[in-house]
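Summary of the model geometry
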Amino acid sequence: VLFMLLIAAVIYLLTCSCLSCRPFSASWWFWLSLTGVNLAGATGVKFVGLFVVLLVGLNTICDLWDLLGNLSLSLVMLWKHLLARVLCLILLPLALYTAIFAVHFTVLNKSGPGDGFFSSAFQSQLIGNNLHNVSVPEHLAYGSVVTMKNLRMAGGYLHSHWHLYPEGIGARQQQVTAYLHKDLNNLWIIKKPDSDAADLSDPLSPVEFVRHGDIIRLEHKETSRNLHSHQHEAPLTRKHFQVTGYGINGSGDSNDFWRIEVVGRKPGKLIKVLRSHVRLTHVATGCVLGSSGKTLPKWGWEQVEVTCTPYLKETPNSLWNFEDHINPKLPNISLDVLKPSFAEILLESHMVMIRGNSGLKPKDNEVTSKPWHWPINYQGLRFSGVNETDYRVYLLGNPVIWWLNLVTIGLYLLMAVSTAVTLKRGVQLSPELKDLFICVPELSRIVLRGGGQITLGWLLHYLPFFMMGRVLYFHHYFPAMLFSSMLTGITWDTLLKFCAGFLSPSTTARKVYGGGFLTLILLIVYSFYLFHPLSYGMIGPMASDPSSPMAGLRWMDSWEF
């Protein structure tokens, strides 16, 4: 609701006459600044607020283009107009938007189940996270128990479990995935290719550090199987190799060996926990361990696919850092050196939100919808209750409003073309129409400029959903529906004025105009009365039952209330 109110406020301010008179007066600055404040609010509530930002940007460009054609304005005044809009419609919203997130990070500073989506440095700032105010050994050593986090945003921790890959998916060996949450199955032991657990656990044995270029073996702590790869296809990314857990109690074969390399470091250098970005190259095949970012099916517990890519291009998908580090033989250091800047936190949080949002998939038996469903009110969304004994709430657009909006879009296009042709031919309005519209420029301003802005807003808030790969729901159409309803108001106001303009005297015309609007309002109110049980809840027989009081209101078979 807040998001819809903010969009409505932006559109009101965009069309407000206060922005077209007395430029640079106190009231002009107030309304322009208020537009920027509402832009920041709309974008801060939902990312689709960027569409209304784009609408305001396009409208501003048109305004500046009109001012450029005004020869009475000097170039200095044009620059003032440009800078005023940059200040109030770009810099002010950015400052407020950033301030919103500054407050957000200050208030929401505790650990939660979604920590794994963020980098180690980000997590170290969260109270309650195992990285907050903690000390760990600085350099990696053989025998250390570690977790490895992929540097791709929401790439996950290197993970394995007892479950095997199913038949027909590469070799039937233990699954290796990337998991976005903290878990004991994320722990791995760093070993030499020829060492065993007894050698490393001896407290009297000397510490030997892992260095850039070393050949290592990673043994999964919970299952004692080695990180392994071979030339079988990966489950989802067919041109990559499969990564598995292989061996018994740490014993395996030569396909368990990996070369560890640090980005930007020379051979022989020590590897730092958290700060070193490392790449694991499979010795036998030359491929590089990485997280593809693709979600595995249910057999893989919908975790992220881990592959070994033969393409050696350096990307965050193929880079890792060591996060948890347990080795009682080594001294610890504080992680305060990892503290990220506010700009880094802001950028990372947005990248995680964008990737998380774009990767949303429907759950089992979840009702989703497609963009073409929305304008025709094809299907609603059940919020609660599935049978006649349940208290049922069903989200459905008011059919009268929805279908009136749909018809009106076609009417507006016809009216806009007719108006443009009429004005181009120089046709004059009748005295009655002049009385209603005031003048020809006013008709052009209302139908072509005002209606055009609203139509553009509807298109900007509707068409992008056809290109989105994420799961979509009925409520995604609501911002576009707001613009469609505005267009309905403009269109029917103009049509009723035209109809009334052919009547005389003027008092009769005004009665017809007022009566037409009253009829539309009463029709909408009555339709709300008919369908209000869907929103406020209903109980009893389903609408498919002839004895149900809602039976006569199931106008489409796709409505499931």
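Residues numbered from 1 in each chain as written. Predicted model: local features only at pLDDT ≥ 70, side-chain atom pairs only at ≥ 80, totals over all residues. Heavy atoms only, no water.

By the naming in an unreviewed UniProt entry, the protein goes by Protein O-mannosyl-transferase 2 and is assigned to Psilopogon haemacephalus. Looking at the protein in UniProt, the text filed under Sequence similarities (unreviewed entry) is "Belongs to the glycosyltransferase 39 family." (UniProt positions renumbered as here; feature names shortened; annotations may be inferred.)

Turning next to the overall build of the protein. A count of helices and strands for the protein gives 12 helices and 16 strands. Since a compact globule built from 561 residues should have a radius of gyration of about 24 Å, the 32 Å found for the protein marks it as more spread out than a globular shape. By its C-alpha atoms, the protein is 110 × 75 × 40 Å across when sized along the principal axes. For the protein, the proportion of its 561 residues judged to be buried stands at 45%. (Helix = DSSP H or I, 4+ residues; strand = E, 2+ residues; numbered from the N terminus. Rg over C-alpha atoms; globule rule 2.2 N^0.38 Å. Buried < 20%, exposed > 50% of the residue type's maximum accessible area, 1.4 Å probe, protein only.)

Attention now moves to the side chain of Thr309. Here Thr309 shows up in strand β12 (residues 304-309). The exposure class assigned to Thr309 is buried, which follows from its relative accessible area of 10%. If near-sequence neighbours (up to four positions away) are discounted, Thr309 is found in contact with His240, Cys287 and Val288. (Contact = heavy atoms within 4.5 Å.)

Our focus in this paragraph is the environment of Ser27. Here Ser27 shows up in helix α2 (residues 26-45). Here Ser25 takes part through its side chain, which lies 3.3 Å from a polar atom of the side chain of Ser27. (Polar contact = N/O pair within 3.5 Å; in protein donor to acceptor, adjacent residues only side chain to side chain.)

This part takes up the UniProt feature "domain: MIR" (unreviewed entry) in the protein. Residues given the UniProt feature "domain: MIR" (unreviewed entry) here are residues 137-193, 207-263 and 268-325. Secondary structure across residues 207-263 divides into 0% helix and 44% strand, with the first and last C-alpha atoms of the span separated by 24 Å. Split by type, residues 268-325 is 0% helix and 43% strand. Its first and last C-alpha atoms lie 20 Å apart.

Looking now at the packing of aromatic side chains. Scanning all chains against the criterion turns up 29 aromatic pairs. Plain terms: the ring middles of Phe101 and Phe105 are 6.0 Å apart, the flat faces sit at 50° to each other, and that makes the pair tilted. Of this pair, Phe101 and Phe105 both sit in helix α4 (residues 75-107), 4 residues apart, which is roughly one turn of that helix. Look at Phe101 and you get buried, because its relative accessible area is 9%. Owing to a relative accessible area of 18%, Phe105 belongs among the buried residues under this scheme. (Phe/Tyr/Trp six-rings, centres within 6.5 Å; stacked < 30°, edge-to-face > 60°.)

Turning our attention to the packing of helix α1 (residues 2-15) against α2. Helix-helix packing is characterised by the crossing angle of the two axes and by the distance between the axes. For the pair α1 and α2, the least separation of the axes is 9 Å and the interaxial angle reads 155°. The angle between α1 and α2 falls in the class roughly antiparallel. Judged by the sense of rotation from one axis to the other, the crossing of α1 with α2 is left-handed. When α1 is examined against α2, the residues Leu2, Phe3, Leu6, Ala9, Val10, Tyr12 and Leu13 are found in contact with a partner set consisting of Trp31, Leu34, Thr35, Asn38, Leu39, Gly41, Ala42 and Val45. For the contact of α1 with α2, the class distribution of residues is 12 nonpolar, 3 polar and no charged. (Axes fitted to C-alpha atoms, helices over the stretch in contact; angles between N-to-C directions. Parallel < 35°, antiparallel > 145°, perpendicular 65-115°, else oblique. Left-handed = near helix turned anticlockwise from the far one by under 90°. Nonpolar A, V, L, I, M, F, W, Y, C, P; charged D, E, K, R; others polar.)

Right, let's talk about helix α7 (residues 342-358) for a bit. When the terminal C-alpha atoms of α7 are compared, their 24 Å separation across 17 residues agrees well with the 24 Å that a helix rising 1.5 Å per residue should span. Within α7, burial applies to Ile345, Leu346, Glu348, Ser349, His350 and Val352. The elements touched by buried residues of α7 are α4 and α5 (120-123). (Expected span 1.5 Å × (residues − 1).)

Moving on: the state of the cysteines. Within this structure, the stated rule accounts for 1 disulfide. Two residues share a disulfide in this structure: Cys287 and Cys308, whose sulfurs sit 1.9 Å from each other. Every disulfide takes its handedness from the sign of the S-S torsion; for Cys287 and Cys308 that torsion is 95°, giving right-handed. One end of the pair, Cys287, is in the loop between β10 (278-282) and β11 (288-295); the other, Cys308, is in strand β12, and 21 residues separate them in sequence. Residue Cys308 is classed as buried on the basis of its relative accessible area of 0%. (Disulfide = S-S within 2.5 Å.)

Another aspect to go through is α4. Here α4 is 33 residues long and its end C-alpha atoms lie 47 Å apart, about the 48 Å a rise of 1.5 Å per residue gives. Along α4, the largest kink reaches about 30° and is centred on Leu91; proline Pro93 follows within four residues of it. For α4, the set of buried residues is Leu78, His81, Ala84, Arg85, Cys88, Leu89, Pro93, Tyr97, Phe101 and Phe105. Of the surrounding secondary structure, the elements contacted by the buried residues of α4 are α2, α3 (49-68), α5 and α7. (Bend = angle between axes of the 7 residues up to and from the residue.)

All right, on to the environment of Asn38 then. Mapped onto the elements, Asn38 comes out in helix α2. Once the C-alpha coordinates of Asn38 and Leu96 are considered, the two residues, 58 residues apart in sequence, prove to be 9.9 Å apart.

What follows is about the domain arrangement of the protein. A common measure of how large an interface is: the accessible area buried when the components associate. In terms of domain boundaries, the protein breaks down into domain 1 (1-107), domain 2 (135-334) and domain 3 (381-553). With 16 residues of domain 1 in contact, the opposing surface of domain 3 contributes 15 residues. Across the interface of domain 1 and domain 3, roughly 1,300 Å² is buried in total on both sides, 77% from carbon and sulfur atoms. Summed over the three residues of domain 1 that lose the most area to domain 3, namely Met4, Phe51 and Leu55, the buried surface amounts to 42% of that side. The interface formed by domain 1 and domain 3 includes 2 salt bridges. Here Asp66 ties to Arg449 by a salt bridge, and the two come within 3.6 Å at their closest N and O atoms. Applying the counting rule to domain 1 against domain 3 returns 2 residue pairs in polar contact (both at pLDDT 80 or more). Counting only elements with at least two residues in the side of domain 1 that touches domain 3, the list comes to α1 and α3. Ranked by residue count, the leading element in the side of domain 1 that touches domain 3 is α3, at 9 residues. Partitioned by chemical class, the residues of the side of domain 1 that touches domain 3 number 12 nonpolar, 2 polar and 2 charged. (Domains from an automatic or database assignment. Buried area = accessible area lost by both parts, 1.4 Å probe. Salt bridge = Lys/Arg side-chain N within 4 Å of Asp/Glu carboxyl O.)

On to the nonpolar core. Generally speaking, nonpolar side chains in soluble globular proteins are found buried as a group. Judged by nonpolar contacts, the single largest core of 43 residues is most densely connected at Ile7, Ile11, Val52, Trp374, Trp458, Tyr477 and Phe483. Those elements that provide at least two residues to this core are α1, α2, α3, α4, α8 (399-424), α10 (440-462) and α11 (478-501). At 7 residues, the largest contribution of residues to this core is made by α10. The two domains that each donate at least three residues to this core are domain 1 (1-107) and domain 3 (381-553). Contacts of Ile7, omitting those with residues within four sequence positions, involve Val52, His461, Pro479, Leu482 and Phe483. Within the second largest apolar cluster, 33 residues are counted, among which are Leu131, Leu140, Val146 and Leu158. (Core = buried A, V, L, I, M, F, W, Y, C linked by side-chain atoms within 4.5 Å.)

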